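# A structural walkthrough
Residues per chain, in single letters:
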Amino acid sequence: MPPVDATLIAEMFDRHGAALVLYASQWTTAAEDCVQEAVLELARQRSRPDNPAAWLYRVVRNRALNTLRSAQRRQRREETAASEHWRRRQRAPDPQSSIELKELLGRLAADAREIVVLRVWGGLSWDEIADVVGGSRSGAQRHYVQALEQLRHLWEHQPCPKK
Amino acid sequence: MSQEIRLPAELAACEALLAAHALPACGIDRDSLLYRAGWEAALAHIGATGQCAGGETDRLAGTLESPLAKGRDRGGISRSTRAAMAWSAASAALAASIAVAATLALRPPGRPFASRCRVLALKPACCGSVSRRWSMCLTITAVRPRRRPVRAAARRLRRSAN
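## Describing the overall build of chain A
A count of helical and extended segments in chain A gives eight helices and zero strands. Start at the N end of chain A and walk to the C end: the helices and strands fall as α-α-α-α-α-α-α-α. Sequence separation of at least 24 residues holds for 67% of the intrachain contacts in chain A that already meet a minimum separation of 6. Carbon and sulfur atoms provide 46% of the accessible area of chain A, an area that totals close to 9,000 Å².

Written out as structure tokens, the structure reads:
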């Protein structure tokens, strides 16, 4: 197996960087940190993974889920100790483009949203998607079609999305 | 069996619309990330190939800490860079002092090179960590002698001729 070189890392980041951040932001607000750690993890690999893109999405997913669990644990601890004001504090606002896309994806079910990001912006095959999310290929396809139907239904009652 | 699914036309259009939606800009510094990835790869390579034995790898890993991480809290200038800058400044000051001292020592006897010599203790901004000994700079103000030896000799000759 050939080693991981700088060209591969740069290519993966250029091709999938923004999509990986969007993918991780489904679970955590520290999406960029998860992506950076995943890229560094790829650099540390002795040999090139069979499918570097799918490997990156899987590592980002695991890290984002771990971050989410840690944040939930921390939040539970804070909520028992902190005041009501602390619980109601506002997060930093996202850029407008990010809000639009996140709002759109936020209307989908969690499983479907993940598969849409992997398929549309990640460009993964159905087998790779099934491998990343830990389900079957037909299940992933079913979720995807349902998500598209839901989006079509939403867009029928709204103006077309901005490009 | 084909891997792809056949989407109805309206869902395919919906998929195309979604794909055309611009992704939010990624806020990650690409150059910094690739630089750090290079360091991580180098450290992993050293650890994997075992070019250094046992604890030597850990020691080397500490030595090969990324310069970005080293100088993070001091404007991105690492400790080694700062030491090199201080040594350069100290060496330059020492060389200048030696040059001035040599010039003064080798001047012709009876012919003053300079009528005034002022020594000023200056503390340049870049020499914060350099000792005061090396930050001492000599400033020589060269002034023409009021009576040049040639003219004085000519005047003496004229007097003796008269």
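Let us keep going from here.
## Describing the overall build of chain B
Counting secondary structure elements, chain B contains seven helices and two strands. Tracing chain B from N to C terminus, the helices and strands come up as α-α-α-α-α-β-α-β-α. Considering chain B as a whole, with its 162 residues, one finds that 14% of them fall into the buried category. In chain B, 44% of the contacts between residues at least 6 apart in sequence involve partners at least 24 apart. Summing over all exposed atoms, chain B offers an accessible surface of approximately 12,000 Å²; the carbon and sulfur share of this is 58%.

## Comments concerning the interface of chain B and chain A
Chain B puts 29 residues into the contact, and the matching count from chain A is 41 residues. A buried area of about 3,500 Å², summed over both sides, lies between chain B and chain A, and 72% of it is on carbon and sulfur atoms. Joining chain B to chain A, the criterion identifies two salt bridges. The residue Arg-30 of chain B makes a salt bridge to Asp-14 of chain A at a minimum N-O spacing of 2.7 Å.

## Considering the nonpolar core
If you look at the biggest cluster of nonpolar residues, it comprises 57 residues, and the most contacted ones within it are Tyr-23, Leu-56, Tyr-57, Leu-105, Val-116 and Trp-121 of chain A together with Leu-18 of chain B. It is helix H1 (residues 6–24) of chain A that contributes the most residues to this core, ten residues altogether. Two domains share this core, each providing at least three of its residues, namely domain 1 (6–72) and domain 2 (94–156) of chain A. Sequence-distant contacts of Leu-18 of chain B, that is, excluding residues within four places in its chain, are made with Leu-104, Val-116, Val-120, Trp-121, Leu-151 and Trp-155 of chain A.

## Considering helix H1 (residues 9–20) of chain B
Residues and elements named next belong to chain B. For H1, spanning twelve residues, the distance from its first C-alpha to its last is 16 Å, which sits close to the expected 16 Å at 1.5 Å a residue. All buried positions along H1 are accounted for by Leu-11, Cys-14 and Leu-18. Buried residues along H1 cover an arc of 55° about the axis, so they all sit on one side.

## Comments concerning the confidence of the model for chain B
Residues and elements named next belong to chain B. The predicted model of chain B has a mean per-residue pLDDT of 70, with 53% of residues at 70 or higher. With pLDDT under 50 throughout, residues 53–57 is counted as low confidence; its partners more than four residues away or in other chains account for three contacts. In the model, residues 130–143 has pLDDT below 50 throughout and makes 29 contacts with residues more than four positions away in sequence or in other chains. The ipTM assigned to the predicted complex is 0.72, against a pTM of 0.56.

## What about helix H5 (residues 79–105) of chain B?
An α-helix turns once per 3.6 residues; consequently, residues spaced three or four apart project the same way. Over its 27 residues, H5 of chain B extends 39 Å from the first C-alpha to the last, a length consistent with the 39 Å expected when each residue adds 1.5 Å. Within H5 of chain B the residues assigned to the buried category are Ala-86, Ala-89, Ala-90 and Ala-93 of chain B.

## Some points on the packing of H1 of chain A against helix H2 (residues 31–44) of chain A
Residue and element names in this part refer to chain A. Contact geometry for H1 and H2: axes closest at 9 Å, N-to-C directions at 145°. Two packed elements cross with a definite hand, and for H1 against H2 that hand is right-handed. Counted together, Ile-9, Met-12, Phe-13, Leu-20, Val-21 and Ala-24 of H1 and Ala-31, Glu-32, Cys-34, Val-35, Val-39, Leu-42 and Ala-43 of H2 form the full contact between these two elements. Split into classes, the residues belonging to the contact of H1 with H2 amount to twelve nonpolar, no polar and one charged.

## Points about the pattern of salt bridges
All names here are of chain A. Throughout the structure, instances matching the rule amount to eight salt bridges over all chains. The salt bridge partner of Glu-37 is Arg-63, with a shortest N-O separation of 3.0 Å. On the criterion of sequence distance, the pair formed by Glu-37 in helix H2 and Arg-63 in helix H3 (residues 52–81) is long-range, its members being 26 residues apart. Assessed through its relative accessible area of 36%, Glu-37 is described here as partly exposed. A residue is classified by how much of its surface remains accessible, and Arg-63, at 25% relative accessible area, is partly exposed. Salt-bridge contacts for Glu-41 lead to Arg-44; the nearest nitrogen and oxygen are separated by 3.1 Å. Taken together, the residues span about one helical turn, with Glu-41 and Arg-44 both in helix H2 at a distance of three residues. We classify Glu-41 as partly exposed; its relative accessible area is 22%.

Each value, and the rule that gives it
Residues numbered from 1 in each chain as written. Chains lettered and ligands numbered in written order. Predicted model: local features only at pLDDT ≥ 70, side-chain atom pairs only at ≥ 80, totals over all residues. Heavy atoms only, no water. Helix = DSSP H or I, 4+ residues; strand = E, 2+ residues; numbered from the N terminus. Contact = heavy atoms within 4.5 Å. Areas by Shrake-Rupley, 256 points an atom, 1.4 Å probe, with all protein chains shown as cover. Buried < 20%, exposed > 50% of the residue type's maximum accessible area, 1.4 Å probe, protein only. Buried area = accessible area lost by both parts, 1.4 Å probe. Salt bridge = Lys/Arg side-chain N within 4 Å of Asp/Glu carboxyl O. Core = buried A, V, L, I, M, F, W, Y, C linked by side-chain atoms within 4.5 Å. Domains from an automatic or database assignment. Expected span 1.5 Å × (residues − 1). Arc of directions from axis to C-beta. pLDDT = per-residue confidence, 0-100. Axes fitted to C-alpha atoms, helices over the stretch in contact; angles between N-to-C directions. Left-handed = near helix turned anticlockwise from the far one by under 90°. Nonpolar A, V, L, I, M, F, W, Y, C, P; charged D, E, K, R; others polar.

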